[in-house]
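These are the residues of each chain, in order.
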Amino acid sequence: MAGNAAGKSAGRIALITIALLFMVLFLLLPLIVVFAQALSSGFEAYFSSIADPNVQSAIWMTLIIAAVAVPANLAFGIAASWCIGRFEFTGRNLLITLIDLPFSISPVIAGLLEVLLFGLNGLLGGWLSAHNYQIIFALPGMILATIFVTFPFVAREVIPLVQEQGNEEEEAAVTLGANFWQIFWRISLPKIRWGLLYGVLLCNARAMGEFGAVSVVSGKVFGETDTLSLAVESLYGSYETQAAFAVASLLALLALVTLVAKATVEFFLRDEMNAVKRKRTV
Amino acid sequence: MSTEITISNVSRGFNGHTVLDNVNLTVRDGELLALLGPSGSGKTTLLRLIAGLDQPDSGSIAIGGTEATQAHPAARGVGFVFQHYALFRHMNVFENIAFPLRIRKTPKAEVNVKVTELLKLIQLETLAGRYPAQLSGGQRQRVALARALASQPRVLLLDEPFGALDAVVRRDLRRWLRQLHEEMHITTIFVTHDQEEAFDLADRIVIMNGGKICQQGAPIDIYQHPADVFVHEFLGESNHITGHAAGGIIFADAGFPVAEAANAPDGPAEIYVRPHHVLLRPRSNGGTGWVINRISATGAHARISVANASTTLEASMTVDALLASGLTDHMPVDITFAGGTVFPTADSQPLKLQVLKPRLAV
């Protein structure tokens, strides 16, 4: 009996130790290394590498891309969840599958597809260059690639929430005299606000950190078509290790902020989901 | 202004399955009407059609003399209380009730006055700041009702209003709703599958089955004169005896005579007798083999199971009457049927109602 209990607790300690080691090795250590390397030549060097005009340009590019891609996917996520959650229609399952497509395709392939479509020898490339539109190796292409890759994040979070909550509240609002937009702004949107915020956080983290797809379509013109993650690679590739890690530390900070925000939202979201379930069982 | 509701030849199907089949119904101004039926009888679908949450495949609906079949729900002046209340989970009680006023751009001061009034009406003044998740079922139901009343509807529609509540809350809320109706006189339709609820609350009951209206009338009339076998079986317990009529007397197929029914045509007959119409007394002499199986007293009423060689019947009486009668378990008894209904089935003619006259003890 005692031996059994001791065996159990020994097993437990072993498992916990393995899990902790794993966390330290794969999560904590890299994070420490990033900041240690970034600050290896002191704070002055750290800030001067961030103040570098090329890095500044990369920060701006990253912010602009996220500022377009996240709202675009927010709008799309709301529209898609509205359609899928509320209506039965032909092609509903196809739409759900399509939303998942970016998850199952390698981002590099996604970038390549875009080059094939909009590139100089691409399907639409001739027309675009004739009208002087530059998409590939320019900001529009990078935004498109990011939107594609981050496409599922908001929709995937919100669709199950909408399905779970049903549309009785909307029906109630209709009978109380509300019109479409009143229902949308006052009932439907507040109902899914935490799920929406959660999706936006994940979408934003991915939009700012995306490498593969953006790398293919950017052309990597340092100081022009460079995002933070692309800058890390090019700096590291040109043996500016400290500067590369300084830029990487910005992305790491973003990850930490996202993590805290995510945990906060999850707290409210769980409350809300529990409330939904309680309501159902009454 | 009259708010009579006229439903004419309304049909509705879902995926090829008919849910409402050519329904005609008039709801009178100020009436409290119950739509009673088993689940799947189409009663909730009918309620949703009246509210405008769904459209009929054919037929028309008029509210207060105005054609409303295609009208937007908001234009019908209808308040709807959902079975699961459908309170806005992100708004507190006050804001839930204020919602219909706010979307009509009612001035703030007026909103405060009206909501406070309604909170007083539902006796929840102290819980104005609570969220729906923090309320009990009965409280949510009352908030849903206040919210529906806030838009000052001409017609109030309630879908299984007490379905999700426990017995005591249900009874209290029922009385409260009846009282409210007597004060406000809003034309009210409620859907229920609970016959006790319908009988207790409604001025008039409409019984539905299989997408059709079987019978409508005052509760007491329906109970006394059920139109068909379904209504009889649905409204409370009954003993079903297959038998036949011969020379103005109804016999059970098991052999014993049941009652006189002078105008019953000779031939097969379905006999329905309510338990309280089965009268028992200790056997005098001779006897026909009826013996009490078991007596179970629950509160004021006792149920008695009585059987002979071929048939088991349920009888019921008050516990006081039981004690006075001296009946006990396994006692041989005589039976009289004090009433009942026979549905002749000969010649497959339409089912016809006949009230049985009591006959001598069997």
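Look a little higher up for the structure.
Here is what the cut-offs are and how they apply
Residues numbered from 1 in each chain as written. Chains lettered and ligands numbered in written order. Predicted model: local features only at pLDDT ≥ 70, side-chain atom pairs only at ≥ 80, totals over all residues. Heavy atoms only, no water. Helix = DSSP H or I, 4+ residues; strand = E, 2+ residues; numbered from the N terminus. Phe/Tyr/Trp six-rings, centres within 6.5 Å; stacked < 30°, edge-to-face > 60°. Buried < 20%, exposed > 50% of the residue type's maximum accessible area, 1.4 Å probe, protein only. Lys NZ or Arg CZ within 6 Å of the ring centre and 35° of its normal. 1 Å grid on protein atoms, 1.4 Å probe; cavity = no way out; pocket = protein on both sides within 12 Å on 5 of 7 lines; lining within 4 Å. Points joined across faces, edges and corners; volume = space filled by probe spheres on them. Nonpolar A, V, L, I, M, F, W, Y, C, P; charged D, E, K, R; others polar. Lys, Arg positive; Asp, Glu negative; His and termini not counted. Salt bridge = Lys/Arg side-chain N within 4 Å of Asp/Glu carboxyl O. Contact = heavy atoms within 4.5 Å. Buried area = accessible area lost by both parts, 1.4 Å probe. Pairing = 2+ DSSP bridges. Core = buried A, V, L, I, M, F, W, Y, C linked by side-chain atoms within 4.5 Å.

Asker: So, the environment of N15 of chain B: which residues are in play, and what are the values?
Answerer: As for its placement among the helices and strands, N15 of chain B is situated in the loop between β1 (5-14) and β2 (17-27). Sequence separation between N15 of chain B and F88 of chain B is 73 residues; the distance between their C-alpha atoms is 31 Å.

Asker: An account of the packing of aromatic side chains is needed here, citing residue identities and associated values.
Answerer: If you walk through the whole model with that rule in mind, you get 16 aromatic pairs over all chains. Both rings, one in F103 of chain A and one in F153 of chain A, keep their centres 5.4 Å apart while their planes meet at 90 degrees; by these two values the pair is edge-to-face. Taken together, the residues F103 of chain A in helix α4 (residues 92-104) and F153 of chain A in helix α8 (residues 151-165) connect sequence positions 50 residues apart. Of the residues examined, F153 of chain A reaches a relative accessible area of 13% and is grouped as buried. With a centroid separation of 5.1 Å and 85 degrees between ring planes, the pair formed by F180 of chain A and W181 of chain A is classed as edge-to-face. Judged by its relative accessible area of 52%, W181 of chain A is exposed. Among the aromatic side chains, those forming a connected cluster through ring pairs are W82, F180, W181, F184 and W185 of chain A. Across from the ring centre of W82 of chain A, 5.0 Å away, lies the NZ or CZ of R86 of chain A, which sits over that ring. Across from the ring centre of F88 of chain B, 4.4 Å away, lies the NZ or CZ of R147 of chain B, which sits over that ring.

Asker: Could you give an account of empty space enclosed by the protein, naming the residues involved and the relevant values?
Answerer: Considering all chains together, one arrives at 4 cavities of 30 Å³ or more under this definition. For the largest cavity, the lining is made up of 13 residues, of which W82, R86, V162, S188 and I192 of chain A are closest to its centre. Counting only elements with at least two residues in the lining of the largest cavity, the list comes to α3 (53-86), α8 and α10 (180-191) of chain A. Of the residues that constitute the lining of the largest cavity, the class distribution is 6 nonpolar, 4 polar and 3 charged. Put simply, the second largest cavity is a space of about 70 Å³. With 4 residues, helix α5 (residues 167-184) of chain B is the single largest residue contributor to the lining of the second largest cavity.

Asker: Give a description of the side chain of R142 of chain B that names residues and reports values.
Answerer: All names here are of chain B. With respect to the secondary-structure elements, R142 resides in helix α4 (residues 137-150). Look at R142: it is buried, it has no salt bridge, and the nearest opposite charge is E125 at 8.2 Å. R142 has contacts with I122, Q123, L124, L173 and W176, leaving out every residue within four places of it along the chain.

Asker: Describe in detail the interface of chain B and chain A, supporting the description with residues and values.
Answerer: Residue-level contacts link 27 residues of chain B with 22 residues of chain A. Here chain B packs against chain A, burying approximately 2400 Å² in sum over the two surfaces, 59% of which is carbon and sulfur. Broken down residue by residue, the surface that chain B buries against chain A is led by R89, H90 and I103 of chain B, which jointly contribute 29%. Summed over the shared surface of chain B and chain A, the result is 2 salt bridges. Between E171 of chain A and R48 of chain B there is a salt bridge, with its nearest N and O atoms 2.5 Å apart. At the level of secondary structure, the elements contributing two or more residues to the side of chain B that touches chain A comprise β6 (78-81), α2 (93-102) and α4 of chain B. Residue composition of the side of chain B that touches chain A, by class: 16 nonpolar, 4 polar and 7 charged.

Asker: Describe the pairing of strand β3 (residues 32-36) of chain B, and please don't skip the residues or the numbers.
Answerer: Residues and elements named next belong to chain B. Taken across its 5 residues, β3 has 5 buried, putting it largely inside the fold. In this sheet, strand β8 (residues 187-192) lies alongside β3 in parallel orientation, the contact comprising 5 bridges. Within β8, the residue paired with L32 across the bridge is T188. Pairing geometry for β3 and strand β9 (residues 204-209), over 4 bridges, is parallel. Looking at the pairing, A34 lines up with I205 of β9.

Asker: Quick one: what's the story with the nonpolar core, residue by residue and with numbers?
Answerer: Of all hydrophobic cores here, the largest spans 46 residues; its most connected members are I97, V115, L119, I122, V143, L145 and I205 of chain B. Tallying contributions element by element places α4 of chain B first for this core, with 7 residues. In contact with V115 of chain B, other than residues within four places in its own chain, are F94, I97, A98 and L101 of chain B. Membership of the second largest hydrophobic core comes to 39 residues, among which are I183 of chain A together with V10, A86 and F99 of chain B.

Asker: Account for the pattern of salt bridges, naming residues and giving values.
Answerer: With the rule as written, the count across this model stands at 25 salt bridges over all chains. Among the salt bridges present, the one from K262 of chain A reaches E266 of chain A, with a minimum N-O distance of 3.7 Å. Separated by 4 residues within a single helix, K262 of chain A and E266 of chain A lie in helix α14 (residues 241-281), roughly one turn from each other. Owing to a relative accessible area of 32%, E266 of chain A belongs among the partly exposed residues under this scheme. Residue R102 of chain B is joined to E95 of chain B by a salt bridge in which the shortest nitrogen-to-oxygen separation is 2.8 Å. Given the relative accessible area of 24%, R102 of chain B is considered partly exposed.

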